[in-house]
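Topology and contacts: notes
Below are the chains, spelled out letter by letter.
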Amino acid sequence: MRIACIGGGPSGLFLAILMKRRRPDSEIVVFERNRLGDTFGFGVVFSDDTLANIAAADPESIEAIERRFRHWSEMEVRVAGRIPATTTGHGFSALSRVELLQILTARALELGVDVRFEHDVSDLDALRHEFDVVVAGDGVRSATRARLEAELQPSIVPQPAHYIWTGTEAPFDRFTFIFEHCPAGWVQAHVYPFDDTTSTFIIEMGDDTWANAGLDGITQFAPGVSDPQALAFCQTLFADHLHGYPLIGNNSKWLQFPRISARRWRVGNVVMLGDAVHTAHYSIGSGTKLALEDAIALADALCAHDEPAIAIEAYEAARRPIVESTQRAATTSEEWFQQVNRHIALPDDQFVFSLMTRSQRVTYENLLLRDPAWMARLKQWFWETRPIDQRAAESSVPPMFFPFRLRDLTLPNRVVVSPMAQYSAVDGMPSDWHLVHLGSRAVGGAGLVLTEMTCVSPQGRITPGCTGIWNDDQAAAWARIVDFVHEHTPAKIGLQIGHAGRKGSTALGWEGGEEVPLVDCAWPTISASAVAYTEAHPAPAEMTRAQMDEVISEFVEATERGAAAGFDLIELHAAHGYLLSAFLAPFTNRRIDEYGGSVEARMRFPVEVATAVRGAWPSERPMSVRISATDWLDGGFGVDEAVDLARALKAAGVDVIDVSTGQVDPSGVPQYGRLYQMPFSERIRNDVGIPTMAVGAIASIDDVNTALLAGRADLCLLARPHLVDPYWTLNAAIDQGIAAVAWPKPYLAGMTARRREQQAVASVARDLR
């Protein structure tokens, strides 16, 4: 096989090494436009997991790399001159980028790879005809990507923060995060040693801070020349940490990180690797990691398939999900740093935990294993800072089993069964199915169970199978379920009420759901504006003032029935494109009266409804509102508006915000992923000072404990995990060794048997060690 590698960076060189090692008869040429030894940047850092991957692929390379490594296991956090925490058990290594490229180049030459320096590829078509496979690893400013832009369809989005990559000989012996405040705002540094005398020192700040500091004056410099103003500013700000040592520049100037992705990674026999096709923010140290692992995956595919085209396709199919997952984690980490001015207000211990878990890859359980002493201190802080009636029996109890109080309601733990549409009602009447669905999950240990969206009128239903509470018979049926929960479990039960608006009159979930409008038994719909949900749906009628008053009355009557039925909490559904949500989103609210236009006007009707519901709900019982914190539409309702809405709802007497996102319009493009809605909960909770319930892709015990301890939410809603396991919370108690959880007496034998099984497994594990 004849392979051309465009770019002599880590991805191209390592791919050449692996292919020459596995297929010695391959002809491999690496084209590098710079001279040998030319490189920008300072050190590169690897986790122990990454090193294991490299070692398995080419032991000779890793042996040479490890001889040059600077290794550490500690991380230190410094904030405005103090050190809130030093944690250990992390396992990282670093070396200079120059040395890494020298090692990989030497290894490639040793194996017989043809490495051509000062050779720029000007004729990509010629290369494609001459070689079986062309591998483009030519970096962030990839000329190959630019030439194939129409086919690859890349997205390159500069991020708002500004950063500069420098080095220093000041003594640092571990990874150190430094946060310093200047008149312009907060500035942070990411520092790590990469040899015996030198450390990488990356300085980063938000766009506003950068502009306020007057650093936006000169942005163009000759190639290879560092920005003297930037170096002087940073050297002054971080003087106490540099101890008289200067910052060293190497083509150092202010940059904005480019978030790069592409619809395709390959065109014909050309395949893209590393930063040329995907970037991951340096705050999780994954750029070089992704490049090397790309090379490993591509080599595996080329050796597994005789036909290059099939191999390249298999490579992208296998590698893309892994890369996209890493990019999501990197984006979450990057955005944490963009919001550092908000996080810095957290108590020191919680701030450090939030920092450590910012990517959502490092978690509560990870840190318990890495640094149990520091985590014990953190958990003691969490215990001591809770109100006495919201403390667990002792500080060792995981956060999910701490009680939580809203007004006069105390939940036994922080786990909530999320509202889940069952489509199993007839004429809005909850049935035995709902009794078993909600009752079994209450028996299963959750602190709070929430009903599905229960509609305030027949016309407010999503489907014919939706539950309602528009008449007394329905309220009586709900009371039966409430009584069961109260009599047989310590759980509390909440009623979610809503109106479908333009998303009403649709099929049952398993018959197409909201995408399929009803025909035979359809009913007319209303909304903020006459904008149909899809082209297949009939347009709703734009609500008149009289209809708005009627809907408010329906919500009030439903609230009064819910109170009489004994529900412990009421939740108003103002999310997911249903009636109240449609008023909030500019795409669905095109009114020209006092209920349309500005965000304040668009909030008016939902806040009117919330105020009316709060007035009708008993003052000692709490109220929640579910919102879509973004509609995932350009120019739509976003997190800044969601913060404004949460403030208005808090002023109206709402006690907790249930933070969801999206589902407002089919054209929205959610950024799905694990815990993808958690940052919205965190932002609203900490900006507004109101408790939040987080929801969306929360799947594990670890997810819940991490979110609570980091201050990202006060309660965690789980939906699908509870469909699979109604006893999710009780099983979580067993898994974490928590005895002080109320088990139903008929189920105590099962608890005892499960604990014995765990003890037996633990005993075998100890024997094996």
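Heads up: the structure comes first, above all this text.
Just so it is clear, the structure is predicted and the values come from calculations on it, not from any experiment.

1. Brief notes about the sheet that holds strand β1 (residues 2-6)
Taken in spatial order, the six strands make up an open sheet running β8-β2-β1-β9-β18-β17, and their pairing is mixed. With one partner strand each, in any of the chains shown, β8 (114-116) and β17 (266-267) form the two edges of the open sheet. Examined bridge by bridge, β1 and strand β9 (residues 133-136) share four bridges and lie parallel to one another. Along β9, the bridge assignment pairs alanine 4 with valine 134.

2. Some words on the nonpolar core
Formed by 127 residues in total, the largest nonpolar core has its most connected members in Phe179, Phe351, Ile497, Leu572, Phe605 and Ile684. Of all the elements, helix α19 (residues 545-565) adds the most residues to this core, at eight residues. Setting aside its immediate chain neighbours within four residues, leucine 572 contacts Ile497, Phe555, Leu580, Pro606, Val609, Ala610, Val613, Met623, Ser624, Val625 and Arg626.

3. Some remarks on the pairing of strand β2 (residues 27-31)
Within β2, four of the five residues are buried, leaving the element largely enclosed by the surrounding structure. Sheet topology note: the β1/β2 ladder contains five bridges and is parallel. In the sheet register, arginine 2 faces β2, and the bridge partner there is glutamate 27. Handedness of the crossover is the feature at issue here: the chain leaves β1, passes through helix α1 (residues 10-22), returns alongside β2, and the resulting connection is right-handed. As paired strands, β2 and β8 are joined by three bridges and run parallel to one another. Residue pairing in the sheet places phenylalanine 31 in a bridge with arginine 116 of β8.

4. What about the side chain of serine 283?
Its location among the elements puts serine 283 in the loop between β18 (270-272) and α11 (287-304). A relative accessible area of 5% places serine 283 in the buried class. Among the polar contacts made by the side chain of serine 283, one reaches the side chain of histidine 281 at a distance of 2.7 Å. The residues contacting serine 283, other than those within four sequence positions of it, are His190, Ala330, Ser333, Glu334, Phe337 and Arg358.

5. Overview of the sheet that holds strand β7 (residues 92-96)
The strands making up a sheet associate through hydrogen bonds between their backbones, and the pairing can be parallel or antiparallel. Taking strand neighbours across the sheet as the criterion, the three strands line up as β3-β7-β4 in an open arrangement whose pairing is antiparallel. The two strands at the open ends of the sheet, each matched to only one other strand, are β3 (43-47) and β4 (70-72). Taking each pair of neighbouring strands and ignoring which way they run, the sheet shows an average axis angle of 25°. Here β3 runs beside β7; their pairing, made up of five bridges, is antiparallel. By the bridge assignment for β7, phenylalanine 46 is matched with serine 93. Sitting on the sheet, helix α2 (residues 48-57) touches β3, β4 and β7, and the angle it makes with β3 is about 90°. Here helix α4 (residues 97-111) sits on the sheet in contact with β3 and β7, set at roughly 80° to β7.

6. Here we look at the environment of alanine 136
Within the fold, alanine 136 resides in strand β9. If we ignore the near neighbours within four places in the chain, the residues touching alanine 136 are Ile6, Thr144, Val271, Met272, Leu273 and Ala276.

7. Quick notes on the packing of aromatic side chains
One pass over the full model with this rule turns up 26 aromatic pairs. Both rings, one in tyrosine 163 and one in tyrosine 282, keep their centres 4.8 Å apart while their planes meet at 50°; by these two values the pair is tilted. A residue pair is termed long-range when its members are at least 10 positions apart, and tyrosine 163 in strand β11 (residues 162-168) and tyrosine 282 in the loop between β18 and α11 qualify at 119 residues. A relative accessible area of 9% means that tyrosine 163 is categorised as buried. Under the relative-accessibility criterion, tyrosine 282 is labelled buried at 13%. On the basis of an interplanar angle of 70° and a centroid distance of 5.2 Å, the ring pair of tyrosine 672 and tyrosine 676 is categorised as edge-to-face. Its relative accessible area of 52% is what places tyrosine 672 among the exposed residues.

8. Concerning the environment of leucine 409
Inspection of the secondary structure puts leucine 409 in strand β20 (residues 409-411). Along the sequence, leucine 409 and glutamate 27 sit 382 residues apart, while their C-alpha atoms lie 72 Å from each other. Those residues in contact with leucine 409 that sit more than four places away from it in its chain are Phe404, Lys492, Asp568, Leu569, Glu620 and Pro622.

So, how was this worked out
- Residues numbered from 1 in each chain as written.
- Predicted model: local features only at pLDDT ≥ 70, side-chain atom pairs only at ≥ 80, totals over all residues.
- Heavy atoms only, no water.
- Pairing = 2+ DSSP bridges.
- Helix = DSSP H or I, 4+ residues; strand = E, 2+ residues; numbered from the N terminus.
- Core = buried A, V, L, I, M, F, W, Y, C linked by side-chain atoms within 4.5 Å.
- Buried < 20%, exposed > 50% of the residue type's maximum accessible area, 1.4 Å probe, protein only.
- Contact = heavy atoms within 4.5 Å.
- Right-handed = clockwise from strand over helix to strand, strands pointing away.
- Polar contact = N/O pair within 3.5 Å; in protein donor to acceptor, adjacent residues only side chain to side chain.
- Axes fitted to C-alpha atoms, helices over the stretch in contact; angles between N-to-C directions.
- Phe/Tyr/Trp six-rings, centres within 6.5 Å; stacked < 30°, edge-to-face > 60°.

Shape is all these values report; function is a separate question.
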